[in-house]
Amino acid sequence: MSGPYKLLHGLVKCPVCHVGHIPPISTLKENGVYAGTCGNCGHFFKFQSVAPYRSSITFFINGSQYTIGNEYDPATSLNEYLRASRISTGTKYMCREGGCGTCMVNAKLFNVQTQSYVNYAINSCLCPLYMIDGWEVTTVEGIGSKQKGYHPIQQRLGDYNGTQCGFCSPGHVMNMYSLLARNPNPTKQEVEDSFGGVVCRCTGYRSILDAMKSFASNSTPNPRLPPTDIEDLSSKLCKKTGAPCTGNCRPRDPRGIHMVFAGAQWFSPSTLQELYSLMTQYKDKSQRLVFGNTATGVYKQIGPWSYDVLFNIRGIHELETVSFANLAHIGANVSLTQLMDIFGEVDPSGGFAYLRSLVEHIAKVGHTNVRNSGSWAGNLMMKQQFPDFPSDIFVILEAIGAQLALGGQDIPGQELVSLLKFMDTSMTGKAILYMVLPQLSASFYIRTYKVMPRSQNAFAYVNAGIVMELDPTNNFLCKQKPSIVYGGISKTFVHASKTEEYLKGKQLGDPTVIKEALNTLSSEVVPDVGPALSTVEYRKSLALSLFYRYVLSVLGDKVGLRFRSGASPLTRPLSSGQQSYGTKKIEWPLTQPLPKLGSILQTSGEAQYITDIPPIPGQLYASFVLSTVGNAKIQTIDPADALKIPGVFKFISASDIPEGGKNDFMPSGNPEEILCSGQVLFTSQALGIIVADNQITADDGAKAVKVTYTDIQSPITNISDGIQKQSFFPKPVPDLVVGDAEKAIANSPKTFSGTIGLGAQYHFHTETQISICNPTEDGMDVWTSTQWIDGAMDAIASVLNIEKNSINVEVKRVGGAFGAKITRNSQVAAGCALAARIMNRPVRMMLNIHDNMEMIGKRIPYYAEYQVTTQFGWDCSSRSQYSIWDNGILSELGTKKDDANNSDDDTETTQSEKTCRSAKDLASVFLSHRFNQIYVKDSQFLNLRLVTETLLQKGSNVVTLGTISGVHSVLEQVAIPPFRILLRSIFAPESSLQLLSNLVHCWQTIPIPPVVRRLHISGALLHYEGLAPYCTTVLPSTLDVFFGLVSSQTRVVPLQCFCKPTHIFFCPAIIECCQILITKMAPVKAKMVDPTWQQLVQKCLEEGIDLTARYFIFPNTEYVFQYNSYGVTCTEVDLDVLTGENQIARVDLLYDCGESLNPAIDVGQAEGAFVFGLGYWLMEELKFDPKSGQLITNSTLNYHPPTTKDIPIDFRVQFLKDAPNPVGVLRSKAVGEPPLCMSASAMFALKHAVEAARQDIGKDTYFPLYAPATVEKLQSNCLLDISQFIVA
Ligand SMILES: Cc1cc2nc3c(=O)[nH]c(=O)nc-3n(C[C@H](O)[C@H](O)[C@H](O)COP(=O)(O)OP(=O)(O)OC[C@H]3O[C@@H](n4cnc5c(N)ncnc54)[C@H](O)[C@@H]3O)c2cc1C
Ligand code: FES
Ligand code: FES
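Since the model is a prediction, treat every value here as computed from it, not as a measurement.

Caption draft 1: Fine view of the sheet that holds strand β13 (residues 287–290). Read from one edge of the open sheet, five strands run β5-β11-β12-β14-β13, paired in mixed fashion. Because the sheet does not close on itself, it has two edges, and the strands there are β5 (53–54) and β13. One ladder, built from four bridges, connects β13 with strand β14 (residues 309–312); its direction is parallel. The residue bridging Q287 from the neighbouring strand is V309, located in β14.

Written as structure tokens, this is what we have:
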């Protein structure tokens, strides 16, 4: 054969000279007969491809077969393939690191153990395309659609209102689909346990979980919904047998795969021997084994793109063997999910029974989908490569004394090593073959622990595995050296060796032994320091707490009653919710709880977001170049390295802005540069734009641009820094002065003063910022994910110096926004338009998760100093001296001060506000300042129980209708008694509050403080998907047509600013339009006898009546409503004092929603907002590098919004009944934003819990608790020390 062949022995042998050849990929067809001339001897011969390797892969997606060769990059993910080929755009992506779950698909994989195919939910973003040979992949489109009919899961999620922006919905659907395909009869608990991997920022999860749990075997059938046939749920039925398809009839090609790409090769060997010889053959090349490829999500640098040769080891069945004899052997190709199954099913009476206890810990590794794809061996290799990785698998396996068998060409037989030895073993040319587990008798007491920042899907602060062989008949004599292993302490710390040594031969039941062991442990645990890490003190304290917990759990009854609650971590029961609201049948569809129109489009993946718009021919991609320092001047920008990357076309800087164009994306507000022109104001500020032929290349190019800086000042990363450096913006608003607070305070016998603060919050919209700009003959067509269409249009017109009317901006829907897409999207739109204009080609710019988190502003942080007196109880006078936040957008603040005041009686107050300029990201405000100020205000009431008591004792209503509040708004449209009733019911003597005082526990506390909230409403934030349902409810009720006639495609697209006028403006405009239509139709209708709607419309058309109507509402017209909305929340929490972990046991939320237009939607808004707030108050901590000012928590792996198990366990939402709002739209009040503020009650509850813990140890002093009150902060404030760690 001739041609540019690569020689690969044994592939195609010339029958004459026996030289092996690989045919060019273009001519190679599987199992075909070919002819060629030998390049060595010139012999012409025919051959049939009997190659041990194939050079293409074949797979099935949604039942269709696909075969591909080497036309894709070896690093291409399944997600990229699905989306680029447009086989599935319902499969979304956000993070590309396994942290969001929007990319979920179902994969049917062959299981050697069971010799059948098994269904798993996997993250398509982490799955390399070339791994899926022989797989059957199902995407959301494959299970149901408008054409084929929708799948029950797609329908159910919509019916339960489990979708709002809908960006996460396909992920949730596919997660459930895979669960049911694998286990058709899951329990409710199993359903809840499997939803940790899909983040939803909108709904608060309750509705999603209810929808999914309705498929559980132990769920109560919902009479409102038709029963579902189990056959509809599972995967396809076999045409031959009628049983669910196992995929076994599909021929499986046993041959390995060899793909040759430019610069890389991909092998899928079938045997260990093949693997060894290939590793040896390519020993001079960089090489990597791939099983799940999930490690790439954590450590990007080990992604497939970094290696010359990749070995997919999934097809090597020798690595899948599992055997239990004297020792247990578990193959390296066993996934974490399979490991849980294997451990969970071991004989409970044998020497491996202890493995069952490890299942719970493995269930805390990542989430279901990572465990489905990832192997235990891959996890250990991560630990070896990155010793500071807090691997759970390493900790538990090392604690029980597991060993590893390693194999390779140069290893005769196998090499058995301990995990510690493995950490120091070079793995070049080697593979992990299996783990070896010992038998341990019941006298071994084995406990493992993991403390993490949220309930699931997070790396450990600290994890531990403790194993001791004890003799309980001899005061728990420690018979041999125990194994005490910790993760998360430092790169090198594994065993607490000195403590292990000390305990050998000691009696653990002896208090002096415990004390000495704790002292020894305390001296040897020395945690690493790092800006990304939790504090040294906390991790050390956790190590001690976990050891103490172990002792308590082992000693059992020997432990005093008071201390027993510390023996085990909190256990979370199944969550549930209750919703209660009024509805008036006579007004239906108004006030009727109806599913959102269009939800089925979201749950089926048919809803199109901007990211789903097909590429425009000739389209390019753009990415911002971000500054790596804050507070400096740009010296030079050198894009040369970036421009060398194949596919990178252009670098654009501020100087490329066309003549007359303004470098400002806020042309009608406070100016902000699109691209920095010299003075860098904050780290991750946009300095330029790279344009390339695809988004990943553009992102890579942006990183390759070299920037030097001069005059580098140290960054200001928090408000205290800003205050210290006197870095202030001009005073935004005048002081708010009511009465003479200073005098009131001076005359008061008792005053308090202090500081309070809360951090910023990343909005975590699941669709990152995106714009597509297409230059047209007279301007620009723009699709951008903005909440403020005219803002984006302004910014583009200004930078390009073109007329606004030459720009067409279209926004069909956005995948979450929450305020982050009001002004911030204008920068993305303007940058993208600039690139499109300069390249004169369509350009798409979608920010990757890291840029989105680093560059885009956040909810603003707050810090306040206050002085307050409580001499009058509830009617307190106060003076707050500072309310300072950084980089706020200031125009709205004046109007919100009244909300901050938030005490409805005669409060005397002085509020002085300053805005702090910091070398950090710019803020994207909106909701934030309002509830931040409220928190600052609430924190003045140092003891909220005082507030409650005052509220309960007051004979009359707290506020009287018509009272003028502290500032200027009239208090009306509120019925107070129901709030008092709710408080009374929760604070009744038999309630759990009473339990608090009877607590016998030392290590868990359960307080229940209420938060009473008044909010002044003059606009409420909803995004498009939140708004449309209201409008589609108003429409039929005004026109008096059947609700079902309203199209699910009804689009609500505002022409004007979107952030202010939500349903408050839209619904009246729709009503006015409907009135116009009714008037137009009236003469026609008068001539007809009882026509149907369709007949009337037809007749109107025949008579030439224009059935369109238009009505324009602008803020500050008669449609600006101002009213107050009220709510009360009671939250019960459990706090694990030893670790700071906590759970929200119950929330009672009563909200004044007026007469809800659609209570089902409004409940979803309230729940979603509340859970969003939980993240703000409790979990979502942003950390910055103190040297560079860079955001460290810039990924889904280290930034922690709530997941399904962070929501209240018992979540009760009530709307005030019979409470019409005389000045609202159709008697309604806004919902969505306000309940977010009510979630502060969870933080107050936890503060009370900490106070109770401090009381218990006689350290009941006041302490400020700054939000977010993370697990770490809560525990640290409990002031634990080892002197408290006693057992009786
Ligand atoms: C979102 C997310 C959350 C996570 N949370 C946690 C957590 O809470 N706790 C925790 O401990 N881990 C966590 N992980 C890590 C996860 O457990 C690992 O990514 C997974 O186990 C790796 O297995 P894999 O098969 O995907 O490895 P791969 O990504 O395929 O490979 C990882 C490394 O191991 C090597 N390798 C794989 N198999 C072998 C073998 N047989 N012999 C030699 N080398 C091999 C590869 O060459 C590569 O270097 C998380 C990961 C993600 C993405
Ligand atoms: S995109 Fe795959 S998990 Fe986020
Ligand atoms: S509906 Fe889940 S993220 Fe918006």
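Caption draft 2: Region of the structure containing the side chain of Q1275. Examined against the element boundaries, Q1275 turns out to sit in helix α38 (residues 1271–1277). Among all residues touching Q1275, those that are not within four sequence positions of it are Y538, S541, S545, V1137, L1138, T1139, G1140 and L1280.

Caption draft 3: Here's a closer look at the pairing of strand β43 (residues 1142–1151). Counting buried residues along β43, eight of its 10 residues qualify, which places the element largely inside the surrounding structure. Two strands pair when backbone bridges link them, and β43 and strand β44 (residues 1210–1215) are joined in this way by six bridges, in the parallel orientation. Residue pairing in the sheet places L1149 in a bridge with V1213 of β44. The handedness of the β43 to β44 crossover, carried by helix α35 (residues 1159–1179), is right-handed.

Caption draft 4: Here's a closer look at the environment of V309. Structurally, the position occupied by V309 is in strand β14. Among the residues examined, V309 registers a relative accessible area of 0% and is labelled buried. The residues touching V309, leaving out its near neighbours within four places in the chain, are Q265, F267, Y282, K285, S286, Q287 and R288.

Caption draft 5: Here's a closer look at the sheet that holds strand β8 (residues 104–111). Overall, mixed pairing links the five strands, which are arranged β7-β6-β10-β8-β9 in an open sheet. The sheet is open, and its two edges are formed by β7 (64–68) and β9 (116–123), each paired on a single side. With direction set aside, neighbouring strand axes in the sheet form an average angle of 30°. Here strand β6 (residues 57–61) pairs with β7 via five bridges, running antiparallel. Bridging from a neighbouring strand, F59 pairs with Y66 of β7. Its contacts with the sheet put helix α4 (residues 169–182) on β8, β9 and β10 (136–138), and the angle it makes with β9 is roughly 160°.

Caption draft 6: Highlighting unusual backbone geometry. A cis amide bond, omega 0°, links A1267 with the succeeding residue P1268. As for its position among the elements, P1268 is in the loop between α37 (1240–1256) and α38. Despite not being glycine, F476 has its phi angle at roughly 60°, a positive value. Tracing the chain through its elements places F476 in the loop between β21 (462–471) and β22 (477–478). Here F476 falls in the buried class, since its relative accessible area comes to 7%. Notably, T591 is not glycine yet its phi reads approximately 65°, a positive angle. By secondary structure assignment, the location of T591 is in the loop between β24 (576–580) and α19 (599–603).

Caption draft 7: Up close: the packing of α35 against α37. Between α35 and α37, whose axes approach to 8 Å, the crossing angle comes to 45°. If you check the angle between α35 and α37, you find them oblique. In contact with F1170, L1174, W1177 and L1178 of α35, α37 contributes A1240, S1241, A1242, M1243 and L1246. Class assignment of the residues belonging to the contact of α35 with α37 gives a composition of eight nonpolar, one polar and no charged.

Caption draft 8: Expanded view of α37. With 17 residues, α37 extends 25 Å between its outermost C-alpha atoms, agreeing within 8% with the 24 Å of an ideal straight helix rising 1.5 Å per residue. Of all 17 residues that make up α37, 14 are buried, and the element is covered over most of its length.

Caption draft 9: A look at the pairing of strand β26 (residues 632–638). Relative to strand β28 (residues 679–680), β26 runs antiparallel, the two being bridged by two bridges. In the sheet register, K633 faces β28, and the bridge partner there is Q679. Alignment of β26 against strand β30 (residues 706–710), held across five bridges, turns out to be antiparallel. Bridging across to β30, D638 finds its partner in K706.

Reading the values: the criteria
Residues numbered from 1 in each chain as written. Chains lettered and ligands numbered in written order. Predicted model: local features only at pLDDT ≥ 70, side-chain atom pairs only at ≥ 80, totals over all residues. Heavy atoms only, no water. Pairing = 2+ DSSP bridges. Helix = DSSP H or I, 4+ residues; strand = E, 2+ residues; numbered from the N terminus. Contact = heavy atoms within 4.5 Å. Buried < 20%, exposed > 50% of the residue type's maximum accessible area, 1.4 Å probe, protein only. Right-handed = clockwise from strand over helix to strand, strands pointing away. Axes fitted to C-alpha atoms, helices over the stretch in contact; angles between N-to-C directions. Parallel < 35°, antiparallel > 145°, perpendicular 65-115°, else oblique. Nonpolar A, V, L, I, M, F, W, Y, C, P; charged D, E, K, R; others polar. Expected span 1.5 Å × (residues − 1).

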